[in-house]
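# Remarks on the overall topology
Chain by chain, the residues:
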Amino acid sequence: MPQMFTPSPTLEATGPSTMTLNMGPQHPSTHGVLRLLLEIDGETVVRLMPDIGFLHTGIEKTCEAKFYQQAVPLTDRIDYLCPLTNNLCYVLAVERLLGLEIPPRAQWLRVMLNELTRINSHLVWLGTHALDIGAMSVFLYCFREREDTLRIFEMVSGQRMMTSYFRIGGLALEPPLGMFDTVRKFVNRFPSRVDEYENLLTANPIWLRRTKGVAYLAPEDAIALGATGPTLRASGVDIDLRRDMPYTGYEKFQFKVPISHDGDVFARYIVRVEELRESNEIVRQTLEGVPEGPIKADAPKIVLPDREKMKTQMEALIYHFKIVTEGFPVPAGEVYQAVESPRGEMGYYVVSDGSPKPYRVHVRAPSFANLQALETMCKGRLIADVVAAIGSIDIVLGEVDR
Amino acid sequence: MLRLYVEEKMLSITTFVIVSVIKIVIALAVLLTAVAYTVWLERKLVGRIQNRWGPQRVGPFGLLQPLADGAKFIFKEDLTPPYVYKPLYIAAPILSLVLALTSISLVPIGNWVTVRGVRTPLEITDVNIGLLIILGITSLSVYGVALAGWSSNSKYSLLGSLRASAQMVSYEIALGVSLVGVLIMSGSLNLREIVDMQGGHMAGFIPRWNIFRGQIVAFFVYLAAAFAETNRVPFDLPEAETELVAGYHTEYSSMKFAMFFMAEYANMITAASIATLLFLGGWHGPLGGPWWLQAILPVFWFALKVFGFIFLYIWIRGTLPRFRYDQLMAFGWKFLFPIAVANVLVTSLIVALQK
């Protein structure tokens, strides 16, 4: 009989004074369902082995059975802390295959919402990371501001988390009245709130002791292990796709890419906190002079027509019927589109065979890449440092397992 | 050496027993209520610190929450994992709670009172070496934690109890030494005498509390050590939720868990009481008003000071992150202990010069 299941990996204690410790998949600080196999000597970690796959959703495979436009809501669920970034990456990939031109208004709104998503995701990271190290209040302060960003997402899309707001060829809807005012209020308030988090943490001696010099990742190791995003930038490697390979109009905005050369948990903390401020500045810039115009590309065979047109124009009704029932064919070819997600380089590799359904969708998940660096960070350190290190690489298990 | 302050002329042994039983019942009731409402206060205050409401559904301001929690604990399934070493697994929480409740019996909360011709101190037993006994009992409480972790036969429990044992034994020393300065100044181990020494004022308005008479360093050493002794943030490593799940009480549920929980809060109250008695002048405070107010006020001042100390506990819990194990040990041995010893040396030098 063929073996149906791969047995879970096990770890045998190698030394006379070591023991193994199973951390997760149910554990308060493995951020979901990560399982870590630890070999420990006292409290010192000798070996560490991540065991993933507990949150495998099969989204990549499911995409192959959906029309191109139907796959957008699936991408929300991959990295559930930044659904709009997933949406963006996927629609950018398909738009490149289709050769669509996106109107400027849609691009600006995409940048704005993408940066709000980054703020949203970093707030969850900061809260849970601080909670892991024992600072309980920061968690609730962060969730207070996260609530504001979620309200903005709810305003534009009707959903707080699983937004699916970006569509192939533009946006789902024109943003509602008052949305820009809400965002402006948030942007004006937010920097003082970041100060508040920093007051509690940045100069706190206990926080410094727990994070400085902990879980060091050398720049060579970071590159060799494929670390990405803030984890890579905290090791001193200055790469940010928003600046280096601009997409959806990022080249129009001025922003700094915070880096640090320390490579420890504190460096990753500082880099992300600075990113919170920079993202806020980008959102502030997008608020100045949002271009007027359509929010969808002029491609009637691909983009769903307005409700109004469907009731007055026969062609619109026919296109609507065709797109919904048959999808739209995408020229055969393959494309890899990468964006800078809050966790690093997120890439969607989409292969088309000319039919209305993707032949293959593969996600290059930054969390998966960053997780590989965990053992290097934690070897020879204490269990408490493992917890700090997991928090500092900011993994989302939905994205690791897909 | 141990001498009970029974005033034979006034109390026959029967009266003594009756009075003691009454006092024990009252003290137990008050302490358990205080424990329950310390939990409520903590949830409420931490909630306010964190922009939340805290409990507010059960009764006005959530005041009945402790009762609801108690009922929940009693009715929860009492799981005993099959792999535990049962005798010690059951004994450990009982030991923790019993020791935590015992130590409070030596804490005086006010002066002598006379009720129906019976004169008695406001504490269960007035012992001439009260402080020593309290320290002895609280250091025994490490057994509850150590045995719980060992008998659970679980790796997380074991790590938690190892941390707890090391931490409590280490900080015990700094804690004990930090009190020596006060003992040198008052020349007594009797808590009542130590408090009596702190009555009155210096320079007309500063209370003669030990904290104002040069023991301020000792007070802060005691503060830090007491936080570690009671396993509270920022020294709550034995039960560090995000690292060791729940530390030594991972495998406990229902009332057995509640016993550890109550023991922790009872220990907090004891630590706060000792700080009040030794550093903050005990029940001394402004007196005035009619006779009944004058009778109640000392107890009120005592309770207020204990409350202030507990408030500090909770405030810090809402603010600070947690130390790491090795940093905690380094802090205890390399920082607190030398300071406590230096404080003893300086205090004894000054006291010797004054004589």
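### Structural notes on the overall build of chain A
- Helix and strand content of chain A: 17 helices and 8 strands.
- Projected onto the principal axes, the alpha-carbon positions of chain A cover approximately 80 × 65 × 35 Å.
- Taking the intrachain contacts of chain A between residues at least 6 apart in sequence as the baseline, contacts between residues at least 24 apart amount to 71%.
- Working note: accessible area of chain A is about 15,900 Å², and carbon and sulfur atoms make up 56% of it.
- A gap of 4 Å separates the mean positions of the 43 positive and 50 negative side-chain charges of chain A.

### Concerning the overall build of chain B
- Within chain B one finds 12 helices and 4 strands.
- Reported as C-alpha extents along the three principal axes, the dimensions of chain B are approximately 60 × 50 × 45 Å.
- Expressed as a percentage of its 355 residues, the buried residues of chain B come to 51%.
- A total accessible area of about 16,300 Å² is found for chain B, and carbon and sulfur atoms account for 73% of it.
- Placing the 26 positive and 19 negative side-chain charges of chain B at their respective mean positions leaves the two points 5 Å apart.

### Re the confidence of the model for chain B
- Summarising the model, chain B shows a mean pLDDT of 82, and 94% of its residues fall at 70 or more.
- The least confident element of chain B, judged by mean pLDDT, is helix H9 (residues 241-244) of chain B at 65; the most confident is helix H3 (residues 86-103) of chain B at 88.

### Quick notes on the sheet that holds strand S8 (residues 360-364) of chain A
Residue and element names in this part refer to chain A.
- Taken together, the 3 strands give an open sheet; going across it, the order is S6-S7-S8, and neighbouring strands pair in antiparallel fashion. At either end of the open sheet lies a strand with only one pairing partner, and these are strand S6 (333-341) and S8. Direction aside, neighbouring strands of the sheet carry axes that sit 15° apart on average.
- Of the strand pairs in this sheet, S6 and strand S7 (residues 344-352) are connected by 9 bridges, and their pairing is antiparallel. Its bridge partner lying in S7, Val-335 is registered against Val-350.
- Seen against the sheet, helix H3 (residues 83-98) touches S6, S7 and S8 and runs at an angle of roughly 150° to S6.

### Some words on the packing of helix H4 (residues 104-132) of chain A against helix H11 (residues 265-287) of chain A
All names here are of chain A.
- Taken N-terminus to C-terminus, the directions of H4 and H11 make an angle of 150°; their axes are 9 Å apart at the nearest point. It follows from the interaxial angle that H4 and H11 lie roughly antiparallel. The handedness of the crossing between H4 and H11 comes out as left-handed.

### Quick notes on H11(A)
- Relative to the 33 Å expected for 23 residues at 1.5 Å per residue, H11(A) spans 33 Å between its end C-alpha atoms, a close match to the ideal helical length.
- The buried fraction of H11(A) amounts to 17 of the 23 residues, a majority that puts the element mostly inside the structure.

### Some details on the interface of chain A and chain B
- Contacts between chain A and chain B engage 35 residues on the former and 25 residues on the latter.
- Taking both sides of the interface into account, the surface hidden between chain A and chain B amounts to around 2,700 Å²; carbon and sulfur atoms contribute 58%.
- Considering only the side of chain A, the residues that lose the most area to chain B are Glu43(A), Ile206(A) and Arg209(A), jointly responsible for 21% of the buried surface there.
- One can count 1 salt bridge joining chain A with chain B.

### Here we look at the packing of aromatic side chains
- This structure, assessed with the given rule, holds 31 aromatic pairs over all chains.
- Considering the side-chain rings of Tyr247(A) and Tyr250(A), the 5.1 Å spacing of their centres and the 70° angle between planes classify their relative orientation as edge-to-face. Here Tyr247(A) and Tyr250(A) have matching classes, each one buried.
- Ring centres 6.0 Å apart and planes at 50° place the aromatic pair Phe311(B) and Trp315(B) in the tilted group. Here Trp315(B) and Phe311(B) lie together in helix H11 (residues 291-317), a separation of 4 residues that amounts to about one turn.
- Classification of Phe311(B) by relative accessible area gives partly exposed; the value is 31%.

### Some details on the side chain of Glu198(A)
Residue and element names in this part refer to chain A.
- Its place among the elements puts Glu-198 in helix H6 (residues 179-201).
- Classification of Glu-198 as buried rests on a relative accessible area of 15%.
- Not counting residues up to four positions away in its chain, the partners in contact with Glu-198 are Ala-203, Tyr-269, Ile-270, Val-273 and Arg-277.

The rules we used
- Residues numbered from 1 in each chain as written.
- Chains lettered and ligands numbered in written order.
- Predicted model: local features only at pLDDT ≥ 70, side-chain atom pairs only at ≥ 80, totals over all residues.
- Heavy atoms only, no water.
- Helix = DSSP H or I, 4+ residues; strand = E, 2+ residues; numbered from the N terminus.
- Contact = heavy atoms within 4.5 Å.
- Areas by Shrake-Rupley, 256 points an atom, 1.4 Å probe, with all protein chains shown as cover.
- Lys, Arg positive; Asp, Glu negative; His and termini not counted.
- Charge placed at Lys NZ, Arg CZ, Asp CG, Glu CD.
- Buried < 20%, exposed > 50% of the residue type's maximum accessible area, 1.4 Å probe, protein only.
- pLDDT = per-residue confidence, 0-100.
- Pairing = 2+ DSSP bridges.
- Axes fitted to C-alpha atoms, helices over the stretch in contact; angles between N-to-C directions.
- Parallel < 35°, antiparallel > 145°, perpendicular 65-115°, else oblique.
- Left-handed = near helix turned anticlockwise from the far one by under 90°.
- Expected span 1.5 Å × (residues − 1).
- Buried area = accessible area lost by both parts, 1.4 Å probe.
- Salt bridge = Lys/Arg side-chain N within 4 Å of Asp/Glu carboxyl O.
- Phe/Tyr/Trp six-rings, centres within 6.5 Å; stacked < 30°, edge-to-face > 60°.

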